[in-house]
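Here are the chains, one letter per residue:
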Amino acid sequence: MHKKTWLIFICLAILISGYSIVQYFFMDAHQAGFVKLKLMLNSTLSSFWYIMLYLHIIFGIVALVIGPFTLFSKFREKNINRHRMMGKIYMIGILLGSVSGLYLAFYATGGLVSQLGFGFLSLFWLITACRALAKIKHKKIHAHQKWMIRNYSLTFAAVTLRIWLVLFTILFGFEHFNLSYTIIAWLCWIPNLIVAEWFIQRKLNRVKHQDNADLQF
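Please read these numbers as outputs of a predicted model, since none were measured by experiment. (Residues numbered from 1 in each chain as written. Predicted model: local features only at pLDDT ≥ 70, side-chain atom pairs only at ≥ 80, totals over all residues. Heavy atoms only, no water.)

Caption draft 1: Examining the nonpolar core more closely. In this structure, Leu64, Tyr90, Phe118, Leu121, Tyr152 and Cys188 are the most contacted members of the largest nonpolar core, which totals 38 residues. For this core, the secondary structure elements donating two or more residues are helix 1 (3–26), helix 3 (47–71), helix 5 (80–105), helix 6 (112–137), helix 7 (141–155), helix 8 (157–172), helix 9 (177–187) and helix 10 (190–216). Residues in contact with Leu121, not counting those within four places in the same chain, are Leu154, Ala157, Cys188 and Trp189. Ranked by size, the runner-up nonpolar core spans eleven residues in total, among them Val35, Ile57, Ile61 and Leu104. (Core = buried A, V, L, I, M, F, W, Y, C linked by side-chain atoms within 4.5 Å. Buried < 20%, exposed > 50% of the residue type's maximum accessible area, 1.4 Å probe, protein only. Helix = DSSP H or I, 4+ residues; strand = E, 2+ residues; numbered from the N terminus. Contact = heavy atoms within 4.5 Å.)

Caption draft 2: View of unusual backbone geometry. Positive phi outside glycine occurs at Lys139, with the angle close to 60°. Residue placement: Lys139 occurs in the loop between helix 6 and helix 7.

Caption draft 3: The environment of Ala132, seen in detail. Looking at the element boundaries, Ala132 is found in helix 6. A relative accessible area of 0% places Ala132 in the buried class. Along the primary structure Ala132 and Met91 are separated by 41 residues, whereas in three dimensions their C-alpha atoms are 9.6 Å apart.

Bear in mind that shape data such as this cannot, by itself, settle questions of function.
Right, here's the structure in full:
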């Protein structure tokens with residue numbers, strides 16, 4: 001990951017994380033926009049739902065903020081022990097964030113289509129993390145990097161979700177929120193995954209082929 005790209009990712013991650021921390025930990029959670037909306041739509045929110053929400057927020061933030069540091073090659077090369085430690089913390093964040101996210105998906109605003117969108121996001125978030133972990137355990141570093149990029153593109157859905165929410169609200173108004181949210185449930189992560197795959201094919205594979213050519217030479 002290039003330094004400018006890394007700075008963009010880390011700035012957006014910190015901004016969204018800070019916004020979430022202020023909303024849910026410094027203010028009353030019932031006043032948070034996401035919760036107020038669900039209450040406005042006559043949703044019944046149990047104590048267990050709130051517990052899972054807080055788990056999702058806390059460990060999602062952990063993964064969102066740590067992720068760019070694990071992907072930035074210069075940081076990784078100069079701080080390999082820190083990289084490993086942060087990678088372990090990141091994986092814990094993904095595990096608890098995805099499991100709680102899967103539970104929350106069953107109660108997503110917008111009905112079945114939204115529930116499936118967020119449900120698949122949580123499942124793929126966990127699966128890509130498991131694949132990345134399996135690859136590094138077998139010392140397949142290049143394959144590990146690919147799966148980590150795919151995984152963080154799904155982690156970054158926390159950012160793109162909020163960007164799409166603002167855009168859709170401006171373009172279509174709050175009166176069409178349910179329909180907008182149904183679309184955003186898929187739009188917040190599928191384009192991310194497509195861009196990640198493009199990056200892998202265009203950048204990482206080119207580097208790998210170059211390294212192989214250098215070795216042969």
